[in-house]
Amino acid sequence: MAIERTLSIIKPDAVAKNVIGKIYSRFEEAGLKIVAARMVQLSRAEAEGFYAVHAARPFFKDLVEFMISGPVMVTALEGEGAILKNRDLMGATDPKKADAGTIRADFADSIDANAVHGSDAAETAAVEIAYYFPALNVYSR
Ligand code: UDP
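The model shown is predicted, which means the values in this text are computed figures rather than measured ones. (Residues numbered from 1 in each chain as written. Predicted model: local features only at pLDDT ≥ 70, side-chain atom pairs only at ≥ 80, totals over all residues. Heavy atoms only, no water.)

S.K.: Got a minute to help me understand the environment of Ala47 in this structure?
M.R.: Looking at the element boundaries, Ala47 is found in helix 3 (residues 44-50). Since its relative accessible area comes to 0%, Ala47 is described here as buried. Sequence separation between Ala47 and Lys17 is 30 residues; the distance between their C-alpha atoms is 21 Å. Leaving out residues up to four positions away in the same chain, Ala47 has contacts with Leu42, Val64, Met67 and Ile68. (Helix = DSSP H or I, 4+ residues; strand = E, 2+ residues; numbered from the N terminus. Buried < 20%, exposed > 50% of the residue type's maximum accessible area, 1.4 Å probe, protein only. Contact = heavy atoms within 4.5 Å.)

Okay, structure coming up:
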């Protein structure tokens, strides 16, 4: 399988629960490497831009409010099949439907406050990583 990069965001609910390290451990135990990381307080415009694909959805306004409710931990991950591997580690969008042992099953409270974001495809991963990190600040290792 190819070495890929993907963007993870530990959302405000999980940052507030102080589980950044626990979530990072899951990435590392699965063989994913952290190749860039920043804690960010998103502005409304940044959150709206990041989730622009969902602008017409009924939950968009609440999603933006939630994403700007506190700092998030933005992280680029690298590894074999990183995009799918991260999605598997995250679990389903709705934590009630997420498999036992996934990040969302263990740390998320609801479908909107669901602990983590993960890129869903190679194209979105490239765009999302570039949204937060200049290429210069992503370190293959
Ligand atoms: N979301 C929500 N209500 C919904 C569906 C999604 O609040 O009914 C939020 C949730 O935070 C989710 C994000 O919108 O993580 C993006 O939705 P998507 O379907 O892309 O899910 P994901 O890729 O994050 O699993």
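S.K.: I'm lost on the site of the ligand in this one. Help?
M.R.: Around the ligand sit Lys11, His54, Phe59, Leu63, Arg87, Thr93, Arg104, Ile111, Asp112 and Asn114, and those are all the residues in its vicinity. One of the side-chain nitrogen or oxygen atoms of Lys11 is found 3.0 Å away from an oxygen atom of the ligand. Arg104 has a polar side-chain atom sitting 3.0 Å from an oxygen atom of the ligand. Coverage of the ligand by the protein chains reaches 80% of its 510 Å² of free accessible surface. For the ligand, the cavity whose grid points lie within 2 Å of the majority of its atoms is the largest pocket. Residues belonging to the shell around the ligand are distributed by class as follows: 3 nonpolar, 3 polar and 4 charged. (Near = heavy atom within 4 Å. Polar contact = N/O pair within 3.5 Å; in protein donor to acceptor, adjacent residues only side chain to side chain. Areas by Shrake-Rupley, 256 points an atom, 1.4 Å probe, with all protein chains shown as cover. 1 Å grid on protein atoms, 1.4 Å probe; cavity = no way out; pocket = protein on both sides within 12 Å on 5 of 7 lines; lining within 4 Å. Sits in = over half its atoms within 2 Å of the grid points. Nonpolar A, V, L, I, M, F, W, Y, C, P; charged D, E, K, R; others polar.)

S.K.: Looking at this structure, how should I read the sheet that holds strand 4 (residues 116-118)?
M.R.: Think of a sheet as strands paired side by side through backbone hydrogen bonds, with each pair either parallel or antiparallel. Judged by pairing direction, the sheet is antiparallel, and its 4 strands sit side by side in the order 2-3-1-4 without closing on themselves. Lying at the two open borders of the sheet, with one neighbouring strand each, are strand 2 (33-40) and strand 4. The sheet shows a mean angle of 20 degrees between the axes of neighbouring strands, direction not considered. By the bridge criterion, 3 bridges tie strand 1 (residues 3-10) to strand 4 in an arrangement that is antiparallel. Considered in strand 4, the bridge of Ser8 is made with Gly118. Across the sheet, helix 5 (residues 82-90) touches strand 1, strand 3 (72-80) and strand 4, and the angle it forms with strand 1 is around 35 degrees. (Pairing = 2+ DSSP bridges. Axes fitted to C-alpha atoms, helices over the stretch in contact; angles between N-to-C directions.)

S.K.: What's the story with the pattern of salt bridges in this structure? I'm lost.
M.R.: For side chains bearing opposite charge, pairing can occur when the charged atoms are close. Tallied over the entire structure, the rule returns 4 salt bridges. Note that Glu78 is salt-bridged to Arg5, the shortest N-O span being 2.8 Å. Residue Glu78 is found in strand 3, and its partner Arg5 is found in strand 1; the two are separated by 73 residues along the sequence. Judged by its relative accessible area of 10%, Glu78 is buried. Taking the shortest distance from any N to any O, the salt bridge between Glu65 and Arg44 comes out at 2.8 Å. Residue Glu65 is found in helix 4 (residues 60-67), and its partner Arg44 is found in helix 3; the two are separated by 21 residues along the sequence. Overall, the relative accessible area of 39% leaves Arg44 in the partly exposed class. (Salt bridge = Lys/Arg side-chain N within 4 Å of Asp/Glu carboxyl O.)

Keep in mind these numbers describe shape, not what the thing actually does.
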